[in-house]
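An overview of the molecular structure
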Amino acid sequence: MNYWLMKSEPDEFSIDDLARKKSEPWSGVRNYQARNYMRDGMRAGDGIFFYHSSCPEPGIVGIASVGSAAYPDPTQFDPRSDYFDAKSSRTAPRWFLIDVKFKRKLKRIIGLADLKARPELRELALVKPGNRLSVLPVTKAQWDFILGLE
DNA sequence: GCCAACGTTGGC
DNA sequence: GCCAACGTTGGC
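The structure reproduced in this document is the subject of the present report. (Residues numbered from 1 in each chain as written. Chains lettered and ligands numbered in written order. Predicted model: local features only at pLDDT ≥ 70, side-chain atom pairs only at ≥ 80, totals over all residues. Heavy atoms only, no water.)

Our focus in this paragraph is unusual backbone geometry. Phi angles above zero are rare outside glycine, and Lys22 is one such case at about 75 degrees. Examined against the element boundaries, Lys22 turns out to sit in the loop between helix 1 (15-21) and strand 2 (23-25). A positive phi angle, near 50 degrees, is found at Ser54, a position not held by glycine. Along the chain, Ser54 falls in the loop between strand 3 (47-52) and strand 4 (59-66). (Helix = DSSP H or I, 4+ residues; strand = E, 2+ residues; numbered from the N terminus.)

The next subject is the nonpolar core. Within the largest apolar cluster, 39 residues are counted, with the highest numbers of intra-cluster contacts made by Met6, Ile60 and Leu115. Among the elements that take part in this core, strand 4 stands out by supplying 5 residues, more than any other. Not counting chain neighbours up to four residues away, the residues in contact with Leu115 comprise Ile60, Ile110, Leu121, Leu126, Val127, Ile146 and Leu149. (Core = buried A, V, L, I, M, F, W, Y, C linked by side-chain atoms within 4.5 Å. Buried < 20%, exposed > 50% of the residue type's maximum accessible area, 1.4 Å probe, protein only. Contact = heavy atoms within 4.5 Å.)

In this section: the packing of aromatic side chains. For the coordinates displayed, the defined rule picks out 6 aromatic pairs. With 5.8 Å between their ring centres and 80 degrees between their planes, Phe13 and Trp26 make a pair best called edge-to-face. Residue Phe13 is found in the loop between strand 1 (3-8) and helix 1, and its partner Trp26 is found in the loop between strand 2 and helix 2 (32-41); the two are separated by 13 residues along the sequence. Take Phe13 and Trp26: they sit in the same class, and that class is buried. Measuring from ring centre to ring centre gives 5.9 Å for Trp26 and Phe50, while their planes differ by 80 degrees; the resulting arrangement is edge-to-face. On the criterion of sequence distance, the pair formed by Trp26 in the loop between strand 2 and helix 2 and Phe50 in strand 3 is long-range, its members being 24 residues apart. Overall, Trp26 belongs to the buried group, its relative accessible area being 9%. In this structure Phe50 comes out as buried when scored by relative accessible area, which is 1%. Grouped by ring-pair contacts, the aromatic residues Tyr3, Phe49 and Trp143 constitute a single cluster. (Phe/Tyr/Trp six-rings, centres within 6.5 Å; stacked < 30°, edge-to-face > 60°.)

What follows deals with the pairing of strand 1. Of all 6 residues making up strand 1, 6 are buried, and the element is well covered by its neighbours. Side chains Tyr3, Leu5 and Lys7 project from strand 1 onto one buried face, and the interleaved Trp4, Met6 and Ser8 project onto a second face that is buried too. Both strand 1 and strand 8 (residues 135-138) contribute to a ladder of 4 bridges, which runs antiparallel. Across the sheet, Leu5 pairs through a bridge with Leu136, a residue of strand 8. (Pairing = 2+ DSSP bridges.)

It is worth spelling out the protein's contact with DNA strand B at this point. In the vicinity of DNA strand B, the residues found are Lys7, Tyr51, Ser53, Ser54, Pro58, Leu112, Lys116, Arg132 and Leu133. Backbone sugar and phosphate groups make up 76% of those atoms of DNA strand B lying within 4 Å of the protein. The backbone of Ser54 places a nitrogen or oxygen atom 2.8 Å from a phosphate oxygen of DNA strand B. A distance of 3.4 Å is found between a phosphate oxygen of DNA strand B and a side-chain nitrogen or oxygen belonging to Lys116. When its residues are assigned to classes, the surface near DNA strand B shows 4 nonpolar, 2 polar and 3 charged. (Near = heavy atom within 4 Å. Polar contact = N/O pair within 3.5 Å; in protein donor to acceptor, adjacent residues only side chain to side chain. Nonpolar A, V, L, I, M, F, W, Y, C, P; charged D, E, K, R; others polar.)

Here Thr75 is to be found in the loop between strand 5 (71-72) and strand 6 (96-97). A residue is classified by how much of its surface remains accessible, and Thr75, at 18% relative accessible area, is buried. Polar side-chain contacts of Thr75 include one of 3.0 Å to the side chain of Arg30. Within the local environment of Thr75, its side chain forms a polar contact with the side chain of Asp73, the two groups lying 2.7 Å apart.

See below:
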């Protein structure tokens, strides 16, 4: 079992949105490294930290899980979608996604500043300078440590 | 294949 | 709104 962190802007899609919908196809990721994590790294049942970015209180707000194996992101084929990619095709899809399944909200937000302040999380990809990936790997040790902060 | 210009992310 | 740190694009 592997662990991940996925960012979302709460104005676009928040943990409460996920709680209401139960499961959400994570469409719109258009970064190759993030795609590779979803397509090649994720397996159904993997753990996900749900992170709110670009908001007054950035931080980890909930727990989700990977609900499916990776499959082609349908929005890449839709000319009316913001995520349409003319260079992709159904026979050779470029972008993949997984379903994100709601587990629970955290009792409190574990803020970015808090995460940054912990020596145990120095290697967490999220707190490395310049990391803008929306999908990041988390080690089991980091996962367990962060859960302990709740 | 290089690299400058441009666009995006995301914290502050 | 600013700015650092990227990734992408496109001319050559």
